[in-house]
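A closer look at the structure
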Amino acid sequence: MATFFPTFSTPNLLRSKSVLHYSQRLNVKCNAAPPPSLPPAVQTFWKWFCDEKIVSSKSPAKPGIVTEGLGLVAQRDIGRNEVVLEVPKKFWINPDTVSASEIGRVCDGLKPWISVALFLIKEKLREDDDYSPWRNYIDILPEHTDSTIFWSEEELSEIEGTQLLSTTLSVKEYVKNEFLQVQEQVILLNKKLFPSAITLDDFLWAFGILRSRAFSRLRGQNLVLIPMADLINHSPTITTEDYAYEIKGAGLFSRDQIFSLRTPIPVKAGQQVLIQYDLNKSNAELALDYGFIESTPDRNTYTLTLQISDSDPYFDDKLDIAEANGTKAVQYFDITLGRPLPPKMLPYLRLVALGGTDSFLLEAIFRKSVWDHLELPFSRDNEEVICQVVRSACQSALSSYPTTIEEDEKLKEGDVDRRVEIAIGIREGEKKVLGQIDEIFKEREMELDEYEYYQERRLRDLGLVGEQGDIIFWEPK
């Protein structure tokens with residue numbers, strides 16, 4: 001009746017972040033080069049932004065080498081909510097940028113992320129004698145991240161049995177299908193615009209760049225890359241998404257727009273400027289999007305998939321009830337470590353398992369009240385079924401992992417590769433959530449004889465149950 005399996009839908013390429021306030025951009029002459037330890041490409045990028053008067057030697061932050069690779073490092077003490085960087089719209093990369101470019105006419109009608117991906121690839125594959133100012137930005141982009149979409153088969157074997165593995169493979173298949181389609185409909189038909197061979201790896205690279213670096217939830221912008229601002233890294237210790245960035249007007253009499261980035265916390269000179277990427281992402285989502293995870297317990301989730309069987313004789317009635325209460329024939333429930341079960345999960349489970357002598361509840365007369373009845377244990381048989389089904393699914397899922405939690409804990413004590421460390425954290429987290437779910441339903445199973453079920457509640461409401469729970473009988477006079 002209930003099965004566990006990973007879920008996937010067309011991926012959201014965008015970060016989820018908040019907004020901040022705008023203040024006047026400084027126009028200070030740039031006369032200082034970045035520290036010599038920076039790679040030449042980053043120095044060239046910095047000079048480009050200096051020449052364009054976006055940044056200067058007096059800017060609050062500049063690119064720097066950090067633990068994550070590249071980041072924004074404070075050049076002086078920066079106060080909370082202080083502007084760190086402002087980038088005019090002409091230096092953004094979004095679907096409008098693509099439309100105005102030489103490939104704009106052939107990208108019309110494509111999904112926004114695909115058109116931007118083609119733009120990135122086009123710029124990356126330009127010949128050295130075919131100058132474009134975007135080269136300054138493209139050259140500082142990484143060839144890959146630690147996102148699981150870039151993992152080798154051997155590395156993916158480390159997340160065997162996890163929902164993340166299935167999701168990763170589904171995402172890669174999605175990207176492959178989109179590539180084959182755009183290759184046939186756009187790339188191969190326009191060889192003058194795309195003279196260099198474009199491969200699936202190129203397309204996956206662009207997808208990964210967008211997934212890890214694009215900003216969203218901005219005024220009028222659902223997909224945008226902001227050079228230099230996208231160097232900002234994530235901190236798990238920052239627990240607010242407020243006042244991180246926003247799009248504002250360039251001035252009272254200007255129609256131009258500026259992307260404004262602020263620091264949500266005070267930063268000392270020499271320290272890295274950091275923000276919170278998304279408080280709601282699970283570790284699996286962080287690993288897929290950015291290539292890192294957190295040790296925070298509530299980042300660990302497992303998706304329980306329940307469904308009303310097509311062969312259920314009461315399918316139509318159950319579907320009608322489910323939809324009337326905000327659920328579907330196939331319903332996904334995200335269970336988070338250390339948190340209670342989602343509120344609608346138990347009523348939905350009881351609905352799915354409803355049958356036999358309990359099926360009277362599906363009659364039209366109960367339609368308005370059925371969900372209220374399912375909020376509580378309905379019958380012993382029904383409650384026992386859902387406990388057995390969920391526990392069996394948990395144990396089956398746990399058996400698919402190649403290691404135990406204890407073995408994972410021991411592995412973490414050694415010197416492991418970064419990607420292996422991510423894999424250990426993912427599979428350990430999933431197993432802990434599965435163990436938590438199993439324990440919840442094990443306890444419910446042990447308490448089956450202690451619950452009050454529908455018939456007892458009904459008799460009590462009619463005044464037919466005594467104080468000790470005994471049924472009251474009346475004999476005829």
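To keep things clear, this report deals only with the structure shown in the data block. (Residues numbered from 1 in each chain as written. Predicted model: local features only at pLDDT ≥ 70, side-chain atom pairs only at ≥ 80, totals over all residues. Heavy atoms only, no water.)

Focus on helix 4 (residues 112–124)
Relative to the 18 Å expected for 13 residues at 1.5 Å per residue, helix 4 spans 19 Å between its end C-alpha atoms, a close match to the ideal helical length. Across the 13 residues that make up helix 4, a large majority, 11, are buried. Turning to helix 4, its buried residues number three or more, namely W113, I114, S115, V116, A117, L118, F119, L120, I121, K122 and E123. Buried-residue contacts for helix 4 involve helix 2 (95–99), helix 3 (104–107), helix 5 (135–138), helix 7 (163–187) and helix 8 (200–213). (Helix = DSSP H or I, 4+ residues; strand = E, 2+ residues; numbered from the N terminus. Expected span 1.5 Å × (residues − 1). Buried < 20%, exposed > 50% of the residue type's maximum accessible area, 1.4 Å probe, protein only. Contact = heavy atoms within 4.5 Å.)

With respect to the sheet that holds strand 6 (residues 245–249)
With antiparallel pairing, the three strands of this open sheet are ordered in space as 4-7-6. Here the strands that pair on one side only, and so sit at the sheet edges, are strand 4 (83–88) and strand 6. Between one strand axis and the next, the sheet turns through 25 degrees on average, direction left out of account. The pairing of strand 4 with strand 7 (residues 257–262) spans five bridges and is antiparallel. Each residue of the ladder has a partner; that of V87, found in strand 7, is F259. (Pairing = 2+ DSSP bridges. Axes fitted to C-alpha atoms, helices over the stretch in contact; angles between N-to-C directions.)

Things to note about the pattern of salt bridges
Enumeration according to the criterion identifies 34 salt bridges in this entry. The salt bridge partner of K431 is D408, with a shortest N-O separation of 2.6 Å. Separated by 23 residues along the polypeptide, K431 in helix 15 (residues 418–446) and D408 in helix 14 (residues 405–412) bring together distant segments of the chain. Of the two residues examined, K431 and D408, each falls in the buried class. (Salt bridge = Lys/Arg side-chain N within 4 Å of Asp/Glu carboxyl O.)

Here we look at the nonpolar core
Core analysis: the biggest nonpolar cluster contains 88 residues, and L120 and F203 have the highest contact counts within it. Sorting elements by how many residues they give to this core places helix 7 first, with nine residues. Beyond its immediate chain neighbours, meaning those up to four positions away, F203 contacts W113, I114, A117, L118, I121, V175, E178, F179 and V182. In this structure, V352, W371, V390 and Y454 belong to the second largest nonpolar core, which totals 39 residues. (Core = buried A, V, L, I, M, F, W, Y, C linked by side-chain atoms within 4.5 Å.)

A closer look at the side chain of R427
Take R427: it is sitting in helix 15. A distance of 2.7 Å separates a polar atom in the side chain of R427 from the backbone oxygen of E158. In this view, R427 contacts E158, T162, Y401, T403, D408 and L411; residues no more than four positions away in its chain are not counted. (Polar contact = N/O pair within 3.5 Å; in protein donor to acceptor, adjacent residues only side chain to side chain.)

Concerning the pairing of strand 2 (residues 61–66)
With five of six residues buried, strand 2 lies mostly within the body of the structure. Across six bridges, the pairing between strand 2 and strand 3 (residues 69–74) is antiparallel. Following the sheet pairing, I65 is matched in strand 3 by L70. Where strand 2 folds back onto strand 3 in an antiparallel hairpin, the turn is made up of two residues.

Some details on the packing of helix 4 against helix 7
Pairs of packed helices are described in terms of their axes, by the angle between the two and the distance that separates them. Two numbers describe how helix 4 lies on helix 7: the axes approach to 12 Å, and their chain directions differ by 70 degrees. Classified by the angle between their axes, helix 4 and helix 7 sit roughly perpendicular to one another. Where helix 4 abuts helix 7, its residues W113, I114 and L118 lie against Y174, E178, V182, V186 and I187. A class-by-class count of the residues in the contact of helix 4 with helix 7 yields seven nonpolar, no polar and one charged. (Parallel < 35°, antiparallel > 145°, perpendicular 65-115°, else oblique. Nonpolar A, V, L, I, M, F, W, Y, C, P; charged D, E, K, R; others polar.)

Observations concerning the packing of aromatic side chains
Considering all chains together, one arrives at 23 aromatic pairs under this definition. Relative to F49, the ring of F45 lies with its centre 4.7 Å away and its plane at 35 degrees, an arrangement referred to as tilted. Separated by four residues within a single helix, F45 and F49 lie in helix 1 (residues 40–51), roughly one turn from each other. Taking relative accessible area as the criterion, F45 reaches 0% and is therefore assigned buried. With 5.7 Å between their ring centres and 15 degrees between their planes, Y290 and F292 make a pair best called stacked. Of the residues examined, Y290 reaches a relative accessible area of 8% and is grouped as buried. Of the residues examined, F292 reaches a relative accessible area of 17% and is grouped as buried. Every member of this aromatic cluster is reached through a ring pair, and the members are F45, W48, F49, F91, F119 and W134. (Phe/Tyr/Trp six-rings, centres within 6.5 Å; stacked < 30°, edge-to-face > 60°.)

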